[in-house]
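Below, each chain spelled out in residue letters.
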Amino acid sequence: MKVQVDQNLCQGHTICSMVAPEVFHLKDEDGHAYAIEGDVPTEFEAAAHEAVFSCPERAIREMSEHAVQET
Ligand code: SF4
């Protein structure tokens, strides 16, 4: 999965970076969040998913490029 923060919606609540600090970082300039580039490492996917639902602005988009494969 990949995640992306819509900069027009993000209000800098920092919730995402508290829920998933390995995935979301805050910009020094405006305090808005941005997500790591590329695929979220598997071990952080659950936290990233939680951050998507925790964002009060619904600013985080989750993109699944491949079907989730259960092992
Ligand atoms: S929780 Fe949402 S609004 Fe807050 S910093 Fe993260 S993406 Fe932005």
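Coordinates for the structure precede this section.
Residues numbered from 1 in each chain as written. Predicted model: local features only at pLDDT ≥ 70, side-chain atom pairs only at ≥ 80, totals over all residues.

A.B. asks: Looking at this model, I keep getting lost on unusual backbone geometry. Mind explaining?
C.D. replies: With the exception of glycine, most residues fall at negative phi, and the peptide bonds are largely trans. Positive phi outside glycine occurs at T14, with the angle close to 70 degrees. Take T14: it is sitting in the loop between β1 (2-5) and α1 (15-19). You will see that R58, though not glycine, has its phi angle at about 55 degrees, which is positive. Relative to the assigned elements, R58 resides in the loop between α2 (45-54) and β4 (60-63). R58 sits in the exposed class, given 10 other C-beta atoms within 10 Å. (Helix = DSSP H or I, 4+ residues; strand = E, 2+ residues; numbered from the N terminus. Buried ≥ 20, exposed ≤ 12 C-beta atoms within 10 Å, placed from the backbone.)

A.B. asks: Is there a simple way to explain the pairing of β1 in this structure?
C.D. replies: A regular strand places its side chains on the two faces of the sheet in alternate fashion. Burial along β1 is one-sided: V3 and V5 are buried, while K2 and Q4, pointing the other way, are not. Pairing between β1 and β4: four bridges, direction antiparallel. In the strand pairing of β4, V3 is matched with E62. (Pairing = 2+ DSSP bridges.)

Read these as spatial facts, not as claims about activity.
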